[in-house]
Amino acid sequence: MTAQIAFERHPVTLDWHAPFISPVTDYSGETTPATYFRRDIYLERVPHQAVLRVTAVGVVEPWLNGERVGDEVLAPGWTSYRNRLIASSHDITAVLRVGANTIGAVVADGWALGRLGWENKTNHFADRRALSVQLELTDADGSTEVLSDDSWATSTGGTLAASIYDGEHFDARLEPVGWAAPGFDADAWTPAEITEWPAEVQAPMSEPIRRIEELAPAAVIRTPAGSTVLDFGQEISGWVRLRGLIPDGTVVTLRHAEWMTDGEVDFETIRTAKATDVYIGNGAIDQQWEPRFTFHGFRYVQVDGWVGAINDDTFRAVVVHTDMRRTGWLTTSNPLLNRLHENVVWSMRDNFVGVPTDCPQRDERLGWTGDINAFAPTAAFLHDVRGVLGSWLQDLAVEQQVKGFVPWVVPDVLSSASSPTALWSDVAVSLPWTLYQQYGDQKILGRAYSSMTTFVRTVAERLDDHGVWSTGFQYGDWLDPDAPDDNPAGGKTDRHLVATAYFAKVTREMADTAAVLGRREDEDEFRNLAQRVRHGFRREYTTQAGRVTSETATAYALAIVFDLLDDEQRQHAGDRLASVVAKSGYTISTGFAGTPLVTDALSSTGHSDHAYLLLMQERCPSFLYPVTMGATTIWERWDSIRPDGTINPSGMTSLNHYALGAVADWMHRTIGGLTATAPGYRRMRIAPVPGGGLTSASLQHDTVSGRVEVEWEIGDGQGHVVVTVPDGTTAEVVLPLDAEHRIEQVSGGTHEWSYPLDTTGETEPFTMDTPLSQLGADAAVWSALTDVFAKHLPGVPIDATAPEAAGISLNAMLGYIPGEIDGLRADLEQTIAASMKGSSAKEAVSA
Ligand code: BGC
C-alpha cells in the first residue's frame with residue numbers, strides 16, 4: 001500500500017532536482033496514444049522511508065512494482081502550468097523491495113496539451129508531454145538520497161487517445177502485460193529525452209481529484225430508435241466503469257449526454273465535445289475498464305456494441321471531483337426546495353474537478369471567474385474550499401502578474417486579453433474576502449493582497465470624473481432571462497450601472513482588507529475610492545427618493561445589498577423592488593449579477609414574503625421550474641429546457657452551471673438562519689425567517705470554530721428551536737415568530753426553546769368580496785390569483801395597485817366579464833378559500 005502525503009494550504013516550493021523527460025515523438029496537434037514511461041531501480045536495502053514525488057505536463061497516473069500508486073486521478077490537476085506545476089507525494093516505503101523495483105507512469109494530454117475552449121485550439125500550455133519523478137530515500141539516521149535521473153524508457157499501450165472533451169479510446173489487446181513491474185522486457189521501448197520546463201514545482205495546496213462515489217444505473221432504457229441508454233438518475237462529473245466478457249476485438253462505445261429528447265439521448269448541450277469513450281475487448285472473461293484521462297458531465301450514457309446482458313454489475317457511474325470535505329447541509333419541510341438545494345450541491349461537486357468551472361460537459365469547462373464569484377459564498381458553506389480555491393487564487397495571481405490583467409478564465413486559455421469586468425475580474429478581490437469571512441484566516445488576504453490592490457487600482461484609473469465605471473466591455477447582468485438569446489450580455493439593466501455597483505462593493509472589501517492587515521495608508525486610499533464610487537453611483541443612477549434607473553430587479557438588488565442608498569431611499573427602493581418582482585408574477589427576471597442578491601434585497605427591506613414567493617415560484621422562469629422539469633443540477637439558463645421538454649437552442653444551455661444556484665446562500669442565512677458576524681464564525685447571528693409555507697428547517701455547518709446546528713419548527717401556535725454552537729463562540733438567537741420577540745445571547749452548547757407564536761396580525765379571511773387592493777397587499781394571495789388570471793385571462797392586465805382596485809372585488813370583476821369563462825370562478829373561489837390573510841409566514845403559523 002502507498003499513502004498520499006497530505007497537502008498544505010499555502011504554497012510550498014519543492015526542492016526539485018528531477019529532469020523533465022518526454023517521449024521522442026512530436027505531439028503537437030492530433031491526439032496520440034498515451035505515453036507509457038518505465039524505469040527499473042535496484043535497491044541494496046529498503047530505506048527507512050521512501051517518498052515518490054510525481055508531476056507531469058499532461059495528466060499522469062503513477063505505478064510502482066505493478067501497482068497503481070495512490071488513488072488520485074487526473075493528477076496534477078490544472079494549474080497555470082508554465083508558472084506553477086504541482087507534484088504529488090506518495091509514501092511508497094511499504095511497496096519497495098530489496099533488489100529490482102520498477103517505477104512506471106502513463107501520461108496523456110489532459111489540460112496541458114489537449115483541446116480546450118470553444119475555439120477548437122490545442123496545446124495551450126505545451127507542445128510535448130513531460131514527466132518528472134523524484135524518489136527520496138531516507139535512512140534511519142535521517143540521511144536522504146534523491147534519485148532523479150533521466151534513464152527512462154517510453155512506449156505506448158492500450159490508451160490510444162485521450163482528450164478531456166472528447167473522451168478516451170482503449171484497446172485492451174494492446175495493453176502490455178506487466179509493463180510496470182520488474183522483469184518486463186522493455187528492449188523495444190525507446191529512451192526518453194530531456195525537455196525543459198520553466199515552472200516552479202510546488203506541493204499541492206488542494207485535496208486531490210479522486211473517485212468519490214459510484215452510482216448504479218437507475219434505469220436501462222431501450223429507445224424508439226433501438227439504442228440502449230443507461231440513466232444514472234443524477235447528473236455527475238466522472239465516467240462509467242464497465243465490467244464483463246467483451247469478445248476479442250468487439251468495440252463498445254459509450255456516449256455521454258445530459259438530457260433525452262423524444263426518447264433519445266440529446267447531444268445538443270455538449271456542443272462540439274465528443275464525450276465518447278471507446279473500449280475494445282480482448283476476450284478475457286472478466287474485463288474491467290474505466291477511462292482515466294478524461295471526464296464527462298452526464299446523466300445518460302448511450303451504449304453501443306455491448307453484446308452480453310446488462311446486469312447489476314455491468315456498469316457503474318463513477319463520480320469524480322476534488323475531494324473536498326462537505327461542511328454544510330440544509331433541509332426544509334418542502335421537498336421541491338430540498339431538491340433545489342441538492343441540485344446546488346451536485347452542481348458544485350460536478351464543477352470542482354480541480355478548478356472551479358462554469359460547466360463540466362461541453363467544450364468549455366473553464367475556470368470562469370464570474371461564475372465562481374457569484375457562487376463563492378454558497379460554495380464556502382457547502383464544502384471546505386480553502387484548498388481548491390486557495391490554489392486557484394494562486395494561479396489567478398500569477399497569471400495576473402505575468403499578463404498584466406485578471407483573465408476571465410483561470411488558467412487562461414482565451415486567445416485575446418481580458419479587460420477588467422465587474423463580477424468576473426473582480427473575483428480577485430471578492431473571493432479572498434469571502435474566504436476570509438468564512439475561515440477567518442488573515443493569511444488568505446495576505447497572500448492575495450498584491451493581486452487585489454493591483455486589480456482595484458487598474459479599475460480606479462478607468463473611472464470617469466464622477467467615479468462611475470462608465471466605459472469598456474461589461475458582461476452586465478449576464479443571462480438576464482429577458483436578454484436576447486444571441487446576446488446574453490444584453491440584459492435590461494445598464495451594464496455600467498452593474499459595473500459601478502460591483503466596484504463600490506469591491507472597493508469597500510479592499511478597504512476592509514487593508515484594515516485587517518493593518519495597512520493604514522492603503523485603507524485611506526481605498527475608503528476614499530469607495531466613497532467616490534458610491535457617490536458616483538448615486539449621482540448617475542438614483543433619484544433622491546430612491547428609485548434606481550433601469551428600474552429592474554437587478555438594479556434595485558445591487559443598490560440595496562451593496563449599501564449604495566441612504567436609509568430613506570433604501571426603503572423606497574425595497575418597496576419598488578417588491579413591486580417589480582410582483583409585476584413579473586414572481587417569475588425570475590435577474591441574471592448572474594442580480595440573482596445572488598435579489599432575495600437578500602427583498603428580505604432586508606421588509607419583504608421576506610416577496611422573497612419567498614420568488615423562491616417558491618414554479619412557473620418558467622423560476623428557481624423551482626427546473627426542479628419540476630426533473631433537473632438534478634442547476635441549469636445555465638432558467639429555461640435551458642423549455643416547458644415543452646425541448647432544449648433551448650441558443651447554444652448556451654448547459655444543464656450544469658452552479659452560478660444561479662447562488663440563491664442557496666440566502667437560503668442558508670434566511671431559512672437556516674445562520675450568518676457569521678465575525679470572520680470564522682467566532683460570533684454569529686441565528687435568525688431564521690420562516691415563510692413560503694415552510695413549517696420546519698434544519699441546518700448544519702462545520703465551521704472552523706466547530707459545528708453549528710439550527711433546527712426550528714412552527715405549527716399549532718407553537719414554535720420550537722434548538723441551536724448548538726461550538727465552545728469559544730457566541731451567538732445572538734432571534735426566535736422566529738416569537739410572541740415575546742425575544743433575542744437570546746448564547747455561547748458554546750445546545751440551547752432549546754418552546755414558545756407560543758405571535759399571532760397578532762391574523763385577521764378575517766379573504767372572501768370573493770374583499771377589494772382587489774387588499775388582496776394585492778398580500779403577496780402570497782395575489783401571486784396565487786395572478787396564476788389564475790394568467791390561466792383564464794392571458795394578457796389582461798389586472799393591477800391591484802390601480803386606484804380603482806380599492807372599490808372592486810373578485811365578485812365585482814366577474815360581473816364585468818361578458819359570459820362565463822369556464823373554470824374561472826371555481827379557480828378564484830378555490831384560491832380564496834385556500835388563502836389565509838396575512839403574510840406567508842403567518843400562513844405557516846396557522847398551519
Ligand atoms: C460560460 C459562462 C461564463 C460566460 C462569460 C460562458 O460560455 O459558460 O458561465 O461566465 O461564458 O462569457
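Residues numbered from 1 in each chain as written. Predicted model: local features only at pLDDT ≥ 70, side-chain atom pairs only at ≥ 80, totals over all residues. Heavy atoms only, no water.

Asks: What is the right way to read the nonpolar core from this model?
Replies: For soluble globular proteins, the rule of thumb is that nonpolar side chains tend to be buried together. Among the nonpolar cores identified, the biggest contains 209 residues, and Trp111, Phe352, Val385, Phe503, Leu615, Ile671 and Ile686 are the most heavily contacted of them. When residues of this core are assigned to their parent elements, the largest contribution, 11 residues, is made by helix H7 (residues 495-516). Ignoring any residue separated from it by four or fewer positions in sequence, one finds Phe503 in contact with Phe455, Val456, Val459, Ala460, Leu463, Trp469, Leu529 and Val533. In terms of nonpolar packing, the next biggest core, distinct from the first, is built from 24 residues, Ala50, Leu131, Val133 and Trp152 among them. (Core = buried A, V, L, I, M, F, W, Y, C linked by side-chain atoms within 4.5 Å. Buried < 20%, exposed > 50% of the residue type's maximum accessible area, 1.4 Å probe, protein only. Helix = DSSP H or I, 4+ residues; strand = E, 2+ residues; numbered from the N terminus. Contact = heavy atoms within 4.5 Å.)

Asks: Before we go on, may I ask you to explain the packing of helix H2 (residues 335-350) against helix H14 (residues 663-671) in this structure?
Replies: Each packed pair of helices is defined by two parameters, the angle between the axes and the distance between the axes. Relative to each other, H2 and H14 sit at 130 degrees, their axes nearing to 10 Å. Here H2 is positioned oblique relative to H14, judged by the angle of their axes. Regarding H2 and H14, the two cross each other, and that crossing is left-handed. Of H14, the residues touching H2 (which contributes Leu337, Leu340, His341 and Val344) are Ala664, Met667, His668 and Ile671. Split by residue class, the contact of H2 with H14 holds 6 nonpolar, 2 polar and no charged. (Axes fitted to C-alpha atoms, helices over the stretch in contact; angles between N-to-C directions. Parallel < 35°, antiparallel > 145°, perpendicular 65-115°, else oblique. Left-handed = near helix turned anticlockwise from the far one by under 90°. Nonpolar A, V, L, I, M, F, W, Y, C, P; charged D, E, K, R; others polar.)

Asks: Help me out: how do you make sense of the site of the ligand in this one?
Replies: Taken together, the neighbourhood of the ligand is formed by Asp358, Arg362, Glu364, Trp368, Asp371, Trp424, Tyr475, Trp478, Phe592, Glu636, Met652 and His657. Summarising the interface, the protein chains cover 94% of the accessible area of the ligand, which totals 310 Å² for the free molecule. Residues of the shell around the ligand, tallied by class, amount to 6 nonpolar, 1 polar and 5 charged. (Near = heavy atom within 4 Å. Areas by Shrake-Rupley, 256 points an atom, 1.4 Å probe, with all protein chains shown as cover.)

Asks: Which parts of the structure should I look at to understand the side chain of His792?
Replies: Structurally, His792 is set in helix H16 (residues 779-792). His792 gets classed as buried once you look at its relative accessible area, which sits at 15%. In terms of polar contacts, His792 uses its side chain to reach the side chain of Asp827, at 2.7 Å. Setting aside residues up to four positions removed in sequence, His792 forms contacts with Ile821, Asp822, Gly823, Leu824 and Asp827. (Polar contact = N/O pair within 3.5 Å; in protein donor to acceptor, adjacent residues only side chain to side chain.)

Asks: Got a minute to help me understand the sheet that holds strand S12 (residues 153-155) in this structure?
Replies: As a general point, the strands of a sheet are linked pairwise by backbone hydrogen bonds and lie either parallel or antiparallel. In spatial order, the strands read S6-S5-S9-S3-S12-S15; together these 6 strands make up an open sheet with antiparallel pairing. Each of the sheet's edge strands pairs with one partner strand only, and the pair in question is strand S6 (67-68) and strand S15 (190-191). (Pairing = 2+ DSSP bridges.)

Asks: Is there a simple way to explain the pairing of strand S11 (residues 144-147) in this structure?
Replies: Side chains on a regular strand alternate between the two faces of the sheet. Note that strand S10 (residues 130-138) and S11 share 4 bridges and pair antiparallel. Bridge pairing links Leu135 to Leu147 in S11. In this antiparallel pair of consecutive strands, S10 and S11, the connection spans 5 residues, and Gly142 shows a positive phi of 95 degrees.

Asks: Is there a simple way to explain the packing of aromatic side chains in this structure?
Replies: Remark: the centre distance and the inter-plane angle together describe each pair of aromatic rings, the angle taken between the planes. Using the criterion set out here, one finds 32 aromatic pairs in the structure. Measuring from centroid to centroid gives 6.4 Å for Trp259 and Trp635, while their planes differ by 85 degrees, and the two rings are edge-to-face. Taken together, the residues span a long stretch of sequence, with Trp259 in strand S22 (residues 259-261) and Trp635 in the loop between helix H13 (625-628) and H14 at a distance of 376 residues. Judged on exposure class, the residue Trp259 and its partner Trp635 are both buried. Seen in terms of ring centroids, Trp306 and Phe315 are 4.8 Å apart; in terms of plane orientation they differ by 55 degrees. Their pairing is tilted. The residues Trp306 and Phe315 share a single accessibility class, namely buried. (Phe/Tyr/Trp six-rings, centres within 6.5 Å; stacked < 30°, edge-to-face > 60°.)

Asks: Can you help me understand the confidence of the model for the protein in this one?
Replies: Atomic detail in the predicted coordinates should be set aside for any region of low pLDDT. Put simply, the protein has an average pLDDT of 93, and 97% of its residues get 70 or more. Within the model, the stretch residues 837-847 combines pLDDT values under 50 with 37 contacts to residues more than four positions away or in other chains. (pLDDT = per-residue confidence, 0-100.)

Asks: Looking at this model, I keep getting lost on the pattern of salt bridges. Mind explaining?
Replies: Side chains that differ in charge, positive against negative, can pair when their charged atoms come close. The final tally for this structure, using the stated rule, is 48 salt bridges. Salt-bridge contacts for Asp512 lead to Arg527; the nearest nitrogen and oxygen are separated by 2.9 Å. With Asp512 in helix H7 and Arg527 in helix H8 (residues 520-541), this residue pair connects regions lying 15 residues apart in the sequence. Glu523 serves as the salt-bridge partner of Arg520, at 3.3 Å between the closest nitrogen and oxygen. Within this pair, Arg520 and its partner Glu523 are both found in helix H8, separated by 3 residues, close to a single helical turn. On the accessibility criterion, Arg520 (54% relative accessible area) is exposed. Where salt bridges share partners, they join Arg271, Arg362, Asp363, Glu364 and Glu636 into one cluster. (Salt bridge = Lys/Arg side-chain N within 4 Å of Asp/Glu carboxyl O.)

Asks: Would you mind showing me how to read the environment of His10 here?
Replies: Mapped onto the fold, His10 is located in the loop between strand S1 (3-4) and strand S2 (20-22). It is 37 Å that separates the C-alpha atoms of His10 and Thr272, two residues lying 262 residues apart in sequence.

Asks: What should I look at first to understand the packing of H2 against helix H3 (residues 369-382) in this one?
Replies: Two numbers describe how H2 lies on H3: the axes approach to 11 Å, and their chain directions differ by 95 degrees. Relative to H3, the element H2 lies roughly perpendicular. Residues His341, Val344, Val345 and Met348 of H2 lie in contact with H3, whose contacting residues are Phe375, Thr378, Ala379 and Leu382. For the contact of H2 with H3, the residue count by class is 6 nonpolar, 2 polar and no charged.

Asks: What is the right way to look at unusual backbone geometry in this model?
Replies: Among all residues except glycine, the phi angle is most often negative; among peptide bonds, the trans geometry is most common. Look at the link from Val410 to Pro411: it is a cis peptide, with omega at -5 degrees. By the secondary structure assignment, Pro411 is in the loop between helix H4 (386-403) and helix H5 (427-439). Pro621 follows Cys620 through a cis peptide bond whose omega is -5 degrees. Secondary-structure assignment places Pro621 in the loop between helix H12 (608-616) and H13. Despite not being glycine, Ser550 shows a phi value in the positive range, around 80 degrees. Along the polypeptide, Ser550 turns up in the loop between H8 and helix H9 (553-561). For Ser550, a relative accessible area of 31% translates into the label partly exposed. Positive phi outside glycine occurs at Glu551, with the angle close to 50 degrees.

Asks: Would you explain helix H10 (residues 567-583) in this entry?
Replies: Since the α-helix packs 3.6 residues into each turn, any two residues three or four apart lie on the same face. For H10, with 17 residues, the first-to-last C-alpha span of 24 Å sits near the 24 Å given by 1.5 Å per residue. Along H10, the positions that sit buried rather than exposed are Gln569, Ala573, Gly574, Arg576, Leu577, Ala578, Val580 and Val581. Among the structural elements, H8, H9, helix H11 (595-603) and H12 are those in contact with the buried residues of H10. Gly585 sits one or two residues past H10 and shows a positive phi near 65 degrees. (Expected span 1.5 Å × (residues − 1).)

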